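The lines below spell out each chain.
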Amino acid sequence: MRFKRVAAVAAAATLALGMSACGGDSDDKGTSSSAKGIIGKAQNQKKLVIGVKADQPGLGLQTGSQYEGFDVEIAKIIAKGLGVDANNIEWKTTVSSNREPFIQQGTVDLVVATYTINDERKQKVNFAGPYYIAGQDLLVKADSTITGPEDLDGKTVCSAQGSTPAKRIQSDYPKAKLQQFDAYSKCLPLLGDSKVDAVTTDDIILAGYAAQDQYAGKFKVVGKPFSVEPYGIGLKKDDKDGCEKVNEILKAAASDGSYKAAWDATLGKSGTPAPELDTTKLTNCGSV
């Protein structure tokens with residue numbers, strides 16, 4: 001009897017191996033191991049690692065182990081479209097300077113972190129989107145006389161290392177004194193203490209900071225954007241299929257109301273109506 005049981009087990013194992021070699025025609029259609037990049041990982045592992053900011057109110061803010069904000073909600077929409085439940089997302093805090101390295105090294109699968117699409121970054125990573133168009137602006141004290149970037153000569157401006165706003169100050173407004181940190185949030189106490197004259201990044205990020213309880217009434221956004229910042233979703237350079245899939249998910253979100261719901265639950269609480277997601281401007285995802 002023992003010999004028969006062993007023989008039966010061996011036969012079953014042989015049969016299983018044979019089915020595997022044939023490709024598992026019926027069961028594997030939805031989770032083909034031939035899929036690569038984020039599509040393959042989502043199908044095979046049902047989980048994703050997504051990089052987001054942790055210190056941007058309304059966009060990406062970490063409280064304890066929880067992350068919240070518009071970027072976080074967009075990331076959840078993308079994950080759901082890829083077949084990954086929100087509970088199976090591992091959130092990874094990113095700062096402006098490590099977004100490309102995190103993608104290139106595989107530390108994260110996607111980055112949704114107020115990530116401006118530009119030609120320099122497209123040499124290193126691929127971008128889906130844009131899902132939002134921001135503009136660089138200035139945050140100053142409520143009684144400041146600064147009305148725009150033309151007033152920055154001799155002034156100290158604070159921004160984040162590796163960010164597009166910091167680079168623009170260096171190239172376009174070289175007479176300003178640039179002070180940089182790894183996160184924008186580190187600039188805010190300095191502005192409050194008049195140790196810097198302005199903080200610069202995208203307008204929607206600055207609005208989120210200015211609306212925080214501890215800064216309410218103390219700061220103001222100048223309201224004179226001097227750039228166009230299309231926010232994209234970063235992924236590996238060669239993952240064209242994944243990029244195109246994310247764009248498909250964004251198109252669906254624009255039409256089914258989930259994009260507007262993401263805005264209303266986060267940045268919309270400030271009273272700003274949800275923007276229209278212009279799906280005609282989604283990137284072509286480069287070439288492989």
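Described in the following lines is the structure provided in the data block. Note that this is a predicted model, so its numbers are computed, not measured.

1. So, the sheet that holds strand 2 (residues 55-56)
By way of backbone hydrogen bonds, the strands of a sheet pair with one another, either parallel or antiparallel.
Piece 1. Across the sheet, which stays open at both edges, the three strands sit in the order 2-3-4 with antiparallel pairing between neighbours. Strands at the two margins of the open sheet, each flanked by one partner only, are strand 2 and strand 4 (66-68).
Piece 2. Of the strand pairs in this sheet, strand 3 (residues 60-63) and strand 4 are connected by three bridges, and their pairing is antiparallel. Following the sheet pairing, Gln62 is matched in strand 4 by Tyr67.

2. A closer look at unusual backbone geometry
Piece 1. Look at the link from Gly129 to Pro130: it is a cis peptide, with omega at 10°.
Piece 2. With respect to the helices and strands, Pro130 occurs in strand 7 (residues 125-134).
Piece 3. With phi around 60°, Lys46 is a residue other than glycine that occupies positive phi space.
Piece 4. Position of Lys46 among the secondary structure elements: in the loop between helix 2 (37-45) and strand 1 (48-52).
Piece 5. You can call Lys46 partly exposed: its relative accessible area is 40%.

3. Let's talk about the side chain of Lys53
Piece 1. Tracing the backbone shows Lys53 in the loop between strand 1 and strand 2.
Piece 2. Despite its burial, Lys53 remains without a salt bridge, the nearest opposite charge being carried by Asp55 at 5.7 Å.
Piece 3. A distance of 3.3 Å separates a polar atom in the side chain of Lys53 from a polar atom in the side chain of Ser96.
Piece 4. Every residue in contact with Lys53, bar those within four places of it in the chain, is listed here: Gly60, Leu61, Tyr67, Thr94, Val95, Ser96, Arg99, Ala113, Thr114 and Tyr184.

Calculation rules
Residues numbered from 1 in each chain as written. Predicted model: local features only at pLDDT ≥ 70, side-chain atom pairs only at ≥ 80, totals over all residues. Heavy atoms only, no water. Pairing = 2+ DSSP bridges. Helix = DSSP H or I, 4+ residues; strand = E, 2+ residues; numbered from the N terminus. Buried < 20%, exposed > 50% of the residue type's maximum accessible area, 1.4 Å probe, protein only. Lys, Arg positive; Asp, Glu negative; His and termini not counted. Salt bridge = Lys/Arg side-chain N within 4 Å of Asp/Glu carboxyl O. Polar contact = N/O pair within 3.5 Å; in protein donor to acceptor, adjacent residues only side chain to side chain. Contact = heavy atoms within 4.5 Å.

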